[in-house]
Amino acid sequence: RRRLLEDVKQGLQISTVSAGSLAEKTGLRAGDRIVEIAGRPVSGSSEVVATVRRQPPGTWLPLRIARGDSQLDLVIQFPPRP
């Protein structure tokens, strides 16, 4: 099975972004490193996955990512339930 996220020394590296996914809609790219989620430093992939899974539909989740030499603030917008 291919890994979508890889634990790295400073954050969590995104290996792949699926077409049409929330990650793609948010602007995340393969190679980006998630360094903060919900205002807290990332300590591992299990923490990020658990935080994402806890988000109720219709909410927003702020991320800080490192892309090259820059840091960007992005927000994942979880769609409301139909």
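Since the model is a prediction, treat every value here as computed from it, not as a measurement. (Residues numbered from 1 in each chain as written. Predicted model: local features only at pLDDT ≥ 70, side-chain atom pairs only at ≥ 80, totals over all residues. Heavy atoms only, no water.)

Draft legend 1. Quick peek at the nonpolar core. Core analysis: the biggest nonpolar cluster contains 13 residues, and Leu28, Ile34, Ile37, Val42, Val48, Leu63 and Ile65 have the highest contact counts within it. At the level of elements, strand E2 (11–14), strand E3 (33–37), strand E5 (60–67) and strand E6 (70–77) are the ones that each hand at least two residues to this core. No other element matches the three residues that E5 contributes to this core. (Core = buried A, V, L, I, M, F, W, Y, C linked by side-chain atoms within 4.5 Å. Buried < 20%, exposed > 50% of the residue type's maximum accessible area, 1.4 Å probe, protein only. Helix = DSSP H or I, 4+ residues; strand = E, 2+ residues; numbered from the N terminus.)

Draft legend 2. Just the pairing of E5, in detail. Relative to E5, E3 is paired through four bridges, and the arrangement is antiparallel. The residue of E5 that forms the bridge with Arg33 is Ala66. Examined bridge by bridge, E5 and E6 share eight bridges and lie antiparallel to one another. Across the sheet, Ile65 pairs through a bridge with Leu72, a residue of E6. (Pairing = 2+ DSSP bridges.)

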